[in-house]
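The chain contents come next:
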Amino acid sequence: MKKVKIAPSILSADFSKMGEEVRSLGKSGADMIHCDVMDGVFVPNITFGIKMVEDLRKVTPLPLDCHLMIVNPEKYVEKFAAAGADIITVHYEACKENLPFVLKQIKAAGVKCGAVINPDTPVDKIADVIPLCDMVLVMSVFPGFGGQKFIPSVLDKVREIRAIADRLGLDIDIQIDGGINAETAALARAAGANILVAGNAIFKAENRAERISKLRA
Ligand code: DX5
Ligand code: ZN
């Protein structure tokens with residue numbers, strides 16, 4: 001089994017002190033920083049963009065994992081890469097048949113790439129692009145907001161993706177995002193996910209370091 005990594009989502013951070021929040025996550029043992037970019041069009045919420053990634057790059061050595069919940073991501077992936085993103089993930093639902101090109105565009109910009117599927121999108125929509133991906137992100141809530149309830153039916157898709165990757169001999173990461181806590185983290189891991197995104201579970205904890213190691217255990 002692959003090593004489990006914890007990716008705290010800064011969507012749940014206090015935006016007025018983002019630098020401090022990200023430094024605190026580093027000290028608490030986070031493996032990467034999950035940056036939820038929302039445009040108010042692809043999802044009914046707006047967060048932050050390229051400038052945030054550029055500024056966070058200066059305050060943390062941790063990989064910046066940029067989850068783009070935006071329409072026309074092909075217009076922006078190069079800018080996120082230049083800003084200092086280490087991995088950029090784009091939604092199948094935003095790219096449709098353009099997905100392989102956008103993934104290649106991300107790789108050409110020199111960063112890792114990933115495809116994301118919403119809870120109601122079947123794995124066959126992205127099966128062909130799995131060999132192009134460093135990571136596949138399975139949403140376990142409908143994107144837009146933190147603090148939602150985990151949708152257990154997505155675990156079958158995690159198993160399906162892990163089986164496809166194993167069959168093809170691909171050592172990809174499978175990330176899961178939404179409603180992750182100690183209990184759902186265990187389910188996700190058992191299904192084959194190895195990178196766990198968590199917002200509320202970490203930011204609402206009194207002791208972030210303890211919570212992060214609990215999620216990892
Ligand atoms: C949802 C975001 C998630 C979310 C996770 O649109 O992609 O990263 O912030 O937050 P929790 O862990 O609170 O569900
Ligand atoms: Zn996310």
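What you see is a predicted model, and the numbers here were worked out from it, not measured in a lab.

The rules behind these values
- Residues numbered from 1 in each chain as written.
- Chains lettered and ligands numbered in written order.
- Predicted model: local features only at pLDDT ≥ 70, side-chain atom pairs only at ≥ 80, totals over all residues.
- Heavy atoms only, no water.
- 1 Å grid on protein atoms, 1.4 Å probe; cavity = no way out; pocket = protein on both sides within 12 Å on 5 of 7 lines; lining within 4 Å.
- Points joined across faces, edges and corners; volume = space filled by probe spheres on them.
- Helix = DSSP H or I, 4+ residues; strand = E, 2+ residues; numbered from the N terminus.
- Nonpolar A, V, L, I, M, F, W, Y, C, P; charged D, E, K, R; others polar.
- Pairing = 2+ DSSP bridges.
- Axes fitted to C-alpha atoms, helices over the stretch in contact; angles between N-to-C directions.

### Overview of the layout of surface pockets
The probe, sized like a water molecule, is rolled over the atoms to show the empty space still left.
(1) Moving on: Considering only enclosed or pocket space, the largest pocket measures out at about 240 Å³ in volume.
(2) Moving on: Lining the largest pocket we find 25 residues, and of these Phe-145, Gly-146, Gly-147, Asp-177 and Gly-178 sit closest to its centre.
(3) Moving on: Of all the secondary-structure elements, those providing two or more residues to the lining of the largest pocket are strand 2 (33-38), strand 3 (64-69), strand 8 (195-198) and helix 8 (200-203).
(4) Moving on: Taken together, the residues of the lining of the largest pocket break down into 12 nonpolar, 11 polar and two charged.
(5) Moving on: Its boundaries defined by the atoms lining it, the second largest pocket holds a volume of some 160 Å³.
(6) Moving on: Considering the residues around the second largest pocket, the lining is formed by Lys-5, Met-32, Pro-63, Asp-86, Ile-87, Lys-112, Asp-134, Met-135, Asp-173 and Ile-195.
(7) Moving on: For the lining of the second largest pocket, the class distribution of residues is five nonpolar, no polar and five charged.

### A few points about the sheet that holds strand 4 (residues 87-91)
(1) Moving on: Read across the open sheet, the eight strands follow the order 1-8-7-6-5-4-3-2; overall the sheet is parallel. Each having just a single partner strand, strand 1 (5-8) and strand 2 make up the two edges of the open sheet. Sheet twist, expressed as the average angle between the axes of neighbouring strands with direction ignored, equals 25 degrees.
(2) Moving on: Two elements, strand 1 and strand 8, share four bridges in a ladder whose sense is parallel. The residue of strand 8 that forms the bridge with Ile-6 is Leu-196.

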